[in-house]
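This is what each chain is made of:
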There are 2 protein chains.
Amino acid sequence: MKRFYSAVGASDMAALRSICEVVDDPSYNVDWMRKWKGRSSVVVRPRTTEEVSAVLKYCNQRQLPIVPQGGNTGLVGGSVPVKDEIILSTRRMDSINGLRDGVVKVEAGVILENLDSYLKDQGFAAPLDLGAKGSCTIGGNAATNAGGLRFLRYGSLRGSIVGLEVATADGTVLDAGYSTGLRKDNTGYPIHELFIGSEGTLGVITKIALAVPASSAVVNAALFSCESFNQVRGVLATARRTCAEILSACEFFDSEARRCVLEYEPGTTDPLGDDAAFRVLVETSGSHATHDREKLEGLLTDLDVLDGVIAPDATKAAQLWRLREGISDAMTSRGYVHKYDLSLPLEHMYDLVTQTRDRVPPNTTVAGYGHLGDSNLHLNVVAAGDDENANYELAAVLEPWIFDRVLELNGSISAEHGLGQSKNSLLSRAKSPAMLALMRKLKHTMDPRHILNPYKVLPPSI
Amino acid sequence: MKRFYSAVGASDMAALRSICEVVDDPSYNVDWMRKWKGRSSVVVRPRTTEEVSAVLKYCNQRQLPIVPQGGNTGLVGGSVPVKDEIILSTRRMDSINGLRDGVVKVEAGVILENLDSYLKDQGFAAPLDLGAKGSCTIGGNAATNAGGLRFLRYGSLRGSIVGLEVATADGTVLDAGYSTGLRKDNTGYPIHELFIGSEGTLGVITKIALAVPASSAVVNAALFSCESFNQVRGVLATARRTCAEILSACEFFDSEARRCVLEYEPGTTDPLGDDAAFRVLVETSGSHATHDREKLEGLLTDLDVLDGVIAPDATKAAQLWRLREGISDAMTSRGYVHKYDLSLPLEHMYDLVTQTRDRVPPNTTVAGYGHLGDSNLHLNVVAAGDDENANYELAAVLEPWIFDRVLELNGSISAEHGLGQSKNSLLSRAKSPAMLALMRKLKHTMDPRHILNPYKVLPPSI
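Per an unreviewed UniProt entry, chain A carries the name FAD-binding PCMH-type domain-containing protein and comes from Chrysophaeum taylorii. According to UniProt, the comment filed for chain A under the heading Sequence similarities (unreviewed entry) is "Belongs to the FAD-binding oxidoreductase/transferase type 4 family." Heading Cofactor (unreviewed entry) of the UniProt record for chain A holds this comment: "FAD".

Draft legend 1. Structural detail: the domain arrangement of chain A. Domain boundaries in chain A define domain 1 (10–91), domain 2 (96–211), domain 3 (218–327) and domain 4 (337–417). Distance between the C-alpha centres of domain 1 of chain A and domain 4 of chain A: 32 Å.

Draft legend 2. Structural view of the packing of aromatic side chains. Summed over all chains, the structure comprises 18 aromatic pairs over all chains. Ring centres 5.4 Å apart and planes at 70° place the aromatic pair F229(B) and F252(B) in the edge-to-face group. In this pair, F229(B) sits in helix α8 (residues 229–242) while F252(B) sits in strand β11 (residues 247–254), placing the two residues 23 residues apart along the sequence. The burial state of F229(B) is the same as that of F252(B); both residues are buried. Chaining the aromatic ring pairs together yields one cluster made of F229(A), F252(A), F278(A) and Y350(A). One Lys or Arg, K184(A), reaches over the ring of F151(B) and ends 4.8 Å from the middle of that ring.

Draft legend 3. Spatial organisation of the pattern of salt bridges. Under the definition given, this model contains 51 salt bridges over all chains. E245(B) is paired through a salt bridge with K295(B); the nearest N and O atoms lie 3.7 Å apart. With E245(B) in the loop between α8 and β11 and K295(B) in helix α10 (residues 289–302), the pair connects residues that are 50 residues apart, well separated along the chain. Judged by its relative accessible area of 11%, E245(B) falls in the buried class. Here K295(B) falls in the buried class, since its relative accessible area comes to 3%. Beyond isolated ion pairs, a larger network of salt bridges with shared partners links E256(A), R258(A), R259(A), D270(A), D274(A), D275(A) and R279(A).

Draft legend 4. Focus on the packing of helix α8 (residues 229–242) of chain A against helix α10 (residues 289–302) of chain A. Residue and element names in this part refer to chain A. Where α8 contacts α10, the axes come no closer than 9 Å and their chain directions differ by 140°. Regarding the angle of α8 to α10, the classification is oblique. Classified by chirality, the crossing of α10 by α8 is right-handed. Taking contact as the criterion, the partners of V235, T238, A239, R241 and T242 in α8 are, on α10, K295, G298, L299 and D302. For the contact of α8 with α10, the residue count by class is three nonpolar, three polar and three charged.

Draft legend 5. Molecular detail of the UniProt feature "domain: FAD-binding PCMH-type" (unreviewed entry) in chain A. Following the UniProt record, the feature "domain: FAD-binding PCMH-type" (unreviewed entry) maps to residues 36–215 of chain A here. Taken as a whole, residues 36–215 of chain A contains 24% helix and 23% strand, while its terminal C-alpha atoms sit 37 Å from one another.

Draft legend 6. Looking closely at the sheet that holds strand β9 (residues 203–211) of chain A. Residue and element names in this part refer to chain A. On the basis of which strands lie adjacent, the open sheet formed by five strands has the order β5-β6-β9-β7-β8 and antiparallel pairing. Since the sheet does not close on itself, it has two edges, and those belong to β5 (96–100) and β8 (173–176), each with one partner. Between one strand axis and the next, the sheet turns through 15° on average, direction left out of account. Both β5 and strand β6 (residues 103–107) contribute to a ladder of three bridges, which runs antiparallel. The residue of β6 that forms the bridge with L99 is V104. Strands β5, β6 and β9 of the sheet are contacted by helix α3 (residues 112–121), whose axis makes an angle of about 40° with β5.

Draft legend 7. Quick peek at the relation of the copies chain B and chain A. With an RMSD of 0.0 Å, chain B superimposes on chain A once it is rotated by 180° and translated 0.0 Å along the axis. This pairing of chains is accounted for by a two-fold axis. In terms of proximity to the rotation axis, the leading residue of chain B is G159(B), whose C-alpha is 2.2 Å off the axis. Counting the interface residues of chain B, we find that 100% of their copies in chain A are interface residues as well, pointing to one common contact surface.

Draft legend 8. Quick peek at the interface of chain B and chain A. On the chain A side, the residues contacting the 77 residues of chain B number 77 residues. Both faces combined, the contact of chain B with chain A buries some 6200 Å², and carbon together with sulfur accounts for 60% of it. When the area that chain B buries against chain A is broken down by residue, the three leading residues are K184(B), N186(B) and Y189(B), summing to 17%. Seen at the junction of chain B and chain A, the total is eight salt bridges. Between D185(B) and K431(A) there is a salt bridge whose closest N-O contact spans 2.8 Å. Across the contact surface, chain B and chain A share 35 residue pairs in polar contact (both at pLDDT 80 or more). Within the residue set of the side of chain B that touches chain A, elements represented by two or more residues are α5 (151–154), α6 (157–160), β8 (173–176), α7 (191–195), α10 and α17 (433–446) of chain B. In the side of chain B that touches chain A, the residues fall into 27 nonpolar, 30 polar and 20 charged.

What counts, and where the lines are drawn
Residues numbered from 1 in each chain as written. Chains lettered and ligands numbered in written order. Predicted model: local features only at pLDDT ≥ 70, side-chain atom pairs only at ≥ 80, totals over all residues. Heavy atoms only, no water. UniProt positions renumbered as here; feature names shortened; annotations may be inferred. Domains from an automatic or database assignment. Phe/Tyr/Trp six-rings, centres within 6.5 Å; stacked < 30°, edge-to-face > 60°. Helix = DSSP H or I, 4+ residues; strand = E, 2+ residues; numbered from the N terminus. Buried < 20%, exposed > 50% of the residue type's maximum accessible area, 1.4 Å probe, protein only. Lys NZ or Arg CZ within 6 Å of the ring centre and 35° of its normal. Salt bridge = Lys/Arg side-chain N within 4 Å of Asp/Glu carboxyl O. Axes fitted to C-alpha atoms, helices over the stretch in contact; angles between N-to-C directions. Parallel < 35°, antiparallel > 145°, perpendicular 65-115°, else oblique. Left-handed = near helix turned anticlockwise from the far one by under 90°. Contact = heavy atoms within 4.5 Å. Nonpolar A, V, L, I, M, F, W, Y, C, P; charged D, E, K, R; others polar. Pairing = 2+ DSSP bridges. Least-squares fit on C-alpha atoms with pLDDT ≥ 70 in both. Buried area = accessible area lost by both parts, 1.4 Å probe. Polar contact = N/O pair within 3.5 Å; in protein donor to acceptor, adjacent residues only side chain to side chain.

Put into structure tokens, the structure is as follows:
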């Protein structure tokens, strides 16, 4: 893409400083996996919507590109500059503005875990939970339509967001259902939906009105070992039947993922002794200890698995979760991770892991894990020799083959992570020319000077 | 709005007939409440997406306006012509194209009740249910983001739609997540969301991929009588706590609604003898008869109400539901109904009914009922003397006062019914100029010749 942006000069710095805090901090340039690195020396840190609006208005007039950044925990390089774009951090906008009729109103920079704690104190819970909860912001979650561990129970984050306040490219502030914060409001076009999952390329989300479920009084977890993926699928089917309305998570990981987490993540233990091909973690969240326990015991009775254990208390349940949640970090500590976040029809979900193992050089680590309830596979691959050359060769073996396979199977090349700068060039393969043309039209309509998060989401237009 | 459309001539008729079935049937011109009436003599009845696309392409070239119509059960005149627009009926597109991983794929013209029956046979349920289920189509439901009785449990229809196939104004067919039908797919902008709730003004929905919940093995219903709206709210709060994850509906109706339904709907009976100000209907849907019954009995123990009854069997439960579902028809059989579909903060939800009663002439019927879980009030008003003059005067007493009150309270003037031709002129009061400007931009981007469902949703631009 042609460079047609202005460069930040001294008068720009003065103008931005007159609006809000501006810092030069290289840490904002790098994503948490240290995979993508920009070279911006300008980080604006607004405290209010008005400041965000003023920054955008100024930058739009001057055609200065902007990268919105929340907790910077994304996995596709969407929240760091590609070049020297100005970084707009929402982290100082972290007020929780109250809860009414099960709808909480928050500023974009609120950390997910802080929101969850706030809600817990009032008998509610955040409808999403993910590994990065201690750092990610709810604004970033909304901008990327984050998925995670509670999707099976509460559906997509999109489904829980009832309204947004957004500053668009020219600084216009849209009250898109935020101030009313109603669960039902069928008046006019669903403007707020446009910004959910568009990764900061159409506007900067400043506030979110989020419908939140009641917290569950009783949470149980169980771990099962399975010798085949068919057995794994059987656990999901049986859990849906016996646990039904209290089923809140159904996660699987293979033995390679299990070995990595036990080896690289301190303090992880596996209460099941066998070395079976798979583990499945089932969580229930309900309101009645006796009923829930009976349902979970019904699951144990009905299941056809090698072995299984119900966590007797919250500490043991947390240990089971560590096995699953530790995988991502464990893989990262082994070296550079070729990460794929894929949706696939459940019946073919694990085939791709097996086929990947067949393709890669010996001693490559290939681990498969993910969210069974939404057919979301996380496939992680780490080269045997962790040097640049090995990684380059491995990438050539993996891509575009993996994407070809996923598209052949009618899957998604990015289930929950988004496209960012990592997969934007694949969009034209995943969607039809008509869909892509409409996306470009929307981008041009909403951000005619293309200042918002450039080089991301949409493929280069040349 | 200026008339700038072409008129349908003999060559147009020939062209349309070469594409698909064309009929002249006045019944398509009138909505089911007989409130709005167009004068179109051209109804096209395509059988396939290709036919829809060809019709649109032709009409766009000729600048002939089109009204998409499903079951024509809407309440805001959105699916009948305002003038002589061509009607595009989706009713012949009624194939159900299979179910996989809990996602069903259907053509737009499938009747909701037929879909629900199909799903029931396979252990699933439609995530929405409404009074018009025997006539409304899933395409119309999607185009209007229909709400209804299961919203409390399964959330908005929008949240369950994972993909759409849509024909846009120029006949382009968009595969917006339909063919993959994945619960998770964060690749590019959420194009399908644009068409949900935009009432056929941005495109014609031809196919829907819908995530569906497992059907519940056990359904119970209970009816309570309350002397105040505070008590009514108490039922919801207590039901959320004691029934928790099995709560599937919480509906209320006032004594005026109750009297109407008992008087005008044959076969309705009320098992509670008192004449208290309110009834609340609580439904639970779960998987375990004993557990569910215990939870419901816990509700009875914890509640502070005048009286209550749990339906002992499905027939009695259906009778309780008739009391609630019969209200709309009962009101209609009393005369012309001034209908308001409003979202309001729960604490102020019933005040508006009381205030309305204080404003209207003596002997006016003012009935309030609706969905407590989503703060969605249906306010129905019928004049004492059902003649045109009385209705005209009543309307002048009610409007714009009601809308003023709702907007003052941060509510919505159309919670689940949409705007159609009935409330489109109010949109500029409900949303900010910036929101309205963006909606107009989207309309112009998607349908530059404004052929799709003209005079609806957006207010006249003059």
